[in-house]
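Observations on chain architecture
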Amino acid sequence: MFEIINKTKIAPDVYRLEIAAPLIAKKFKAGQFIVLRPLDTSERVPLTIMKTDPQAGTITLIVKAIGLSTRQLCTLEKGQAVADLLGPLGKPSEIEKYGTVVIVGGGVGTAVAFAVAQSLKEAGNRIITISGSRDKSFVILEDDLREISDELIMATDDGSYGVKGFVTEYLKGLYARGEKIDRVIAAGPLPMMRFISDITREHKTPTVVSLNPIMVDGIGMCGGCRALVGGKIVFVCVDGPEFDAHQVDFDSLMRRNNAYRGIEQEKEHACKLEAEIEAVQHDQ
Amino acid sequence: MTNNPLPLKERMQIQRHSMPAQLPQERVENFNEVNQGFSLELAREEAQRCLQCKDAPCSQGCPVHVHIPDFIDQILADNMLGAADAILQDNLLPAVCGRVCPQEKFCESQCILGKKGQSVAIGSLERFTADSTAADRAARPQGELPAPTGKKVALIGSGPSSLACAGDLIRFGHAVTVYEALHAFGGVLIYGIPEFRLPKSIVAYEVDVLRRLGVKFEKNVVIGKTLTLNELFDDQGYDAVFIGAGAGLPNFLGIPGEELIGIYSSNELLTRVNLMKAYQKEAITPIFDFKDKVVAVFGAGNTALDSARTALRLGAKDVHIIYRRSEEEMPARHEEVEHAKEEGVQFTFLAAPLEFLDNGEGWLKGVRLQRMQLGEPDASGRRRPLPVEGSEFTLDLDLAVIAIGNGSNPLLRDAPELQFTRRGTLEVNPQSLQTAKQGVYAGGDIVTGGATVISAMGAGRQAAQSIHDYLSQL
Ligand SMILES: Cc1cc2nc3c(=O)[nH]c(=O)nc-3n(C[C@H](O)[C@H](O)[C@H](O)COP(=O)(O)OP(=O)(O)OC[C@H]3O[C@@H](n4cnc5c(N)ncnc54)[C@H](O)[C@@H]3O)c2cc1C
Ligand SMILES: Cc1cc2nc3c(=O)[nH]c(=O)nc-3n(C[C@H](O)[C@H](O)[C@H](O)COP(=O)(O)OP(=O)(O)OC[C@H]3O[C@@H](n4cnc5c(N)ncnc54)[C@H](O)[C@@H]3O)c2cc1C
Ligand code: SF4
Ligand code: FES
């Protein structure tokens, strides 16, 4: 069960995984995610479903190895299986014909941006995609995005690929050139989503962000994923992950996502030490 | 019954035996079980206290009417398997119930000896019976199951309600599959109640017993998401469904500052510690650093006490339970309150939080509280707490845990064919436990709101009978 059918490295520390999960492949709607545990000692990791192949019974994930559990996932090879995988979780994205929709994806947020963009395209919207990456080596999913975008802006912070600068500049550029934007969808790092939200608020463009708080169960039982939206507590895993950007309290969410930073690093450090000691002992 | 060697009078002179336990100062340093269980000698002596009342008031006090005098008599006959079977007739999980039932509200509250002093330690005896026969029960051949009926039943959730329901349905000859959203089976027994009260090996043992009887357990399936209720019938070919989805949605206080870092819901704390094993050094799930911290827990049920005692074991310096009513109204199991006091948990009664205070960087630094006084009884029959004007005060804190109860699990709310009450619990026919949809039954916390293990199990069995009746007519 949950076998890795395909694994490709698409950027430093970023992998594209195709995993067998027939029930989920059949059910998936854009905007939803899964929770998986690479090993049966791992944490439960929430990951966006980029796309699915219902015939083959597979789902595609884009994972960035940033901590222990995502790293464990990325060390699994084709043919191996993840210990646990459940989904599809969260509410699907609202898909309607809005007109012109600007999709902004940053980093691995591009995976959710792609899924939503694809559905919106199928619903007859005109899609302008802005994809941002640190530099050329981190550019991901360009071919996938090109296929579903009427216009695609690939931006890198240092200009080493596509146009130079942050996604926010290019969104401003769209407004400046008189583009009538009916809706904006943003997925990526929280600071990016907040900046996008600030810009679109000025233009009164309805804007949806896909939030990515730290989760535990992913099914509404712990409240760890809570966020303040419109002054009310919501549980992102069951009430979201998409919310009206202009209502989201990004500050408290950013703090929450950093709450374990020191502790995580200690744990990782301890693990690395252990691994090193083991390696040394092994050599002897 | 005649297995008691002692005349009535002598029986009544024996004092109730208390449960051997780890010493408070030792046990706060570990997550091992606090209670150590009776020895055979203690169990025998305690069993001798039972008067074998004809009308067995204890049995009446038990939500599933365990034949208490019978099982106690079998202990005296040295027939431990017989004692276990006497319990198992009515209660599938004696090792669990012996540990976590609020006996002081149920069986023991009705015991004749309780009226004159101290009731028989029924819970401890139940636990002893279950533990001392665990190996033998696992080794003995399973009784013959009836010929398969060819009917399939899906159970949603693997908490005590579903486990009890599964146990009966499989013995009626139906094919039974339990679907659980999490990666481990047992519901609250596995993710909520801590190891130091209910070792997880016991829950695993009980799940294994059912598995050997032929119950199928499927983890990582969220009904309503992975499969819908209708698909269970139409695509998966089930003939009936039982919903035991529990009350797992944590409530928050709804006061300012609740989004500060350093505030957990009790569910998050307990899930990190129990399900994700954050109490083990090698576990990789992070948890706030409790070492030498001041922690407040809001609430006074089992969940609050479990959170407070977990905080102590994680190294907290001071742990406060803050409750807006008085000690008498505490809904927690009596023994847990006693244990918590012995371990040094501090109780502040008649105080309610108004606001959490920010340290300037988004972390919790304290709570502003208000004194309360008790007024007239409210709908729950308990005296209503009323604020005392001008009594605000502040408590400095490092961490807080909110344990003010759970709402019903939200995952099935979207199912159009079900009906929910305003509180979010599932609407069922009180006799049959059938929901608004034919062939779909429900029981446990999803129907009652947060209650007890034994009442959830009772509902599971009641539903199993209804499902069996329903399937027999198909
Ligand atoms: C709905 C949802 C969808 C997601 N989709 C994807 C996806 O498609 N691809 C992907 O690579 N990641 C995605 N994430 C983020 C991913 O879940 C986290 O990166 C992962 O859980 C980190 O686990 P870890 O054990 O490897 O790292 P940890 O050791 O837990 O964390 C490493 C560091 O990252 C921080 N961190 C942990 N979780 C998050 C988070 N959710 N957001 C920001 N910082 C965090 C920690 O504080 C720590 O400093 C998603 C998250 C959510 C909630
Ligand atoms: C911390 C704590 C301590 C407690 N202490 C005691 C005690 O000492 N004594 C006592 O008698 N009672 C105690 N209780 C209460 C008792 O545990 C519950 O009343 C009992 O577990 C309810 O059983 P249940 O079967 O209804 O649901 P639960 O035990 O809640 O199990 C429900 C299960 O269903 C799963 N689920 C939910 N929705 C879905 C879905 N859509 N698809 C698949 N699976 C799903 C959940 O993941 C969960 O595993 C305590 C509760 C808590 C939280
Ligand atoms: S009420 Fe007490 S004394 Fe009487 S049968 Fe029950 S346990 Fe024994
Ligand atoms: S992750 Fe636990 S409630 Fe959302």
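Here is a short report on the structure shown in this document. For clarity, every value in this text was computed on a predicted model and none was experimentally measured. (Residues numbered from 1 in each chain as written. Chains lettered and ligands numbered in written order. Predicted model: local features only at pLDDT ≥ 70, side-chain atom pairs only at ≥ 80, totals over all residues. Heavy atoms only, no water.)

1. Regarding the pattern of salt bridges
Inclusion rule: Salt bridge, as applied in this entry: a Lys or Arg side-chain nitrogen positioned within 4 Å of an Asp or Glu carboxyl oxygen. Only runs of H or I of at least four residues qualify as helices and only runs of E of at least two qualify as strands under DSSP, and these elements are numbered from the N terminus. Note on exposure labels: buried denotes an accessible area under 20% of the residue type's maximum, exposed denotes more than 50%, and partly exposed covers the range between, all computed with a 1.4 Å probe on protein chains only.
Evaluation of the coordinates by the stated rule reveals 38 salt bridges over all chains. E231 of chain B is paired through a salt bridge with K27 of chain A; the nearest N and O atoms lie 2.3 Å apart. Of this pair, E231 of chain B sits in helix α14 (residues 229-234) while K27 of chain A is found in helix α1 (residues 22-27), placing the two residues in two different chains. For the pair E231 of chain B and K27 of chain A, one class covers both residues: buried. Salt bridges here are not isolated pairs; linked through shared partners, they connect R27, R197, D306, R309, R313, R333, E335, E336, E342 and E343 of chain B.

2. Examining the side chain of S307 of chain B
Our working definition: Every residue pair with non-hydrogen atoms within 4.5 Å of one another is taken to be in contact.
Here S307 of chain B is to be found in helix α16 (residues 302-313). With residues up to four places along the chain from it excluded, the contact list for S307 of chain B reads S266, L269, L270, V297 and V401 of chain B.

3. With respect to the pairing of strand β2 (residues 175-179) of chain B
All names here are of chain B. The following threshold applies: In this analysis, strands are considered paired if DSSP registers two or more bridges between them. Orient the strands so they point away from the viewer, and a crossover whose first-strand-to-second-strand path over the helix runs clockwise is right-handed.
A large share of β2 lies buried, amounting to four of its five residues. Of the strand pairs in this sheet, strand β1 (residues 152-156) and β2 are connected by five bridges, and their pairing is parallel. The residue of β2 that forms the bridge with L155 is V178. In this fold, β1 hands off to helix α11 (residues 160-171), which returns the chain to β2; that crossover is right-handed. Relative to strand β3 (residues 216-218), β2 is paired through three bridges, and the arrangement is parallel. By the bridge assignment for β3, T177 is matched with K216.

4. Focus: the interface of chain A and chain B
To keep it simple, the criterion reads: For any pair of parts, buried area is found by adding up, for both, the accessible area (1.4 Å probe) each one loses once the two are put together. In protein, a polar contact requires one atom able to donate a hydrogen and another able to accept it; more generally it is a pair of N or O atoms within 3.5 Å, and residues adjacent in sequence count only if both atoms are side-chain atoms. In the scheme used here, Gly and all other residues not listed as nonpolar or charged are polar, with Ala, Val, Leu, Ile, Met, Phe, Trp, Tyr, Cys and Pro taken as nonpolar and Asp, Glu, Lys and Arg as charged.
Residue-level contacts link 45 residues of chain A with 43 residues of chain B. Around 3600 Å² of area is buried between chain A and chain B when both sides are counted, 61% of it from carbon and sulfur atoms. Across the chain A-chain B interface, the total number found is three salt bridges. Close ionic contact of D84 of chain A with K219 of chain B constitutes a salt bridge, the shortest N to O distance being 2.9 Å. Linking chain A to chain B there are 15 residue pairs in polar contact (both at pLDDT 80 or more). Sorting the residues of the side of chain A that touches chain B by element identifies α1, α2 (68-75), β6 (84-89), β13 (226-229), β14 (232-235), α8 (250-258) and α9 (261-283) of chain A as the ones contributing at least two each. Looking at the side of chain A that touches chain B element by element, the count peaks at six residues for β6 of chain A. Looking at side-chain class alone, the side of chain A that touches chain B contains 21 nonpolar, eleven polar and 13 charged residues.

5. Things to note about α2 of chain A
Extensive coverage of α2 of chain A is indicated by the burial of six of its eight residues. Buried within α2 of chain A are the following residues: L68, S69, T70, Q72, L73 and C74 of chain A.

6. Remarks on the nonpolar core
Side chains that are nonpolar tend, in soluble globular proteins, to be buried together. For clarity, the cut-off: As used here, the term nonpolar core means buried Ala, Val, Leu, Ile, Met, Phe, Trp, Tyr and Cys residues forming a set that is joined through side-chain atoms within 4.5 Å.
Of all hydrophobic cores here, the largest spans 159 residues; its most connected members are L211 of chain A together with F71, L232, I243 and F356 of chain B. A per-element tally of this core places helix α19 (residues 453-473) of chain B first, with nine residues. Sequence-distant contacts of L211 of chain A, defined by excluding residues within four places in its chain, comprise L190, M193, A227, V236, P241, F243, V248, F250 and L253 of chain A. If you look at the next biggest cluster of nonpolar residues, it comprises 36 residues, including A259 and Y260 of chain A together with I261 and A308 of chain B.

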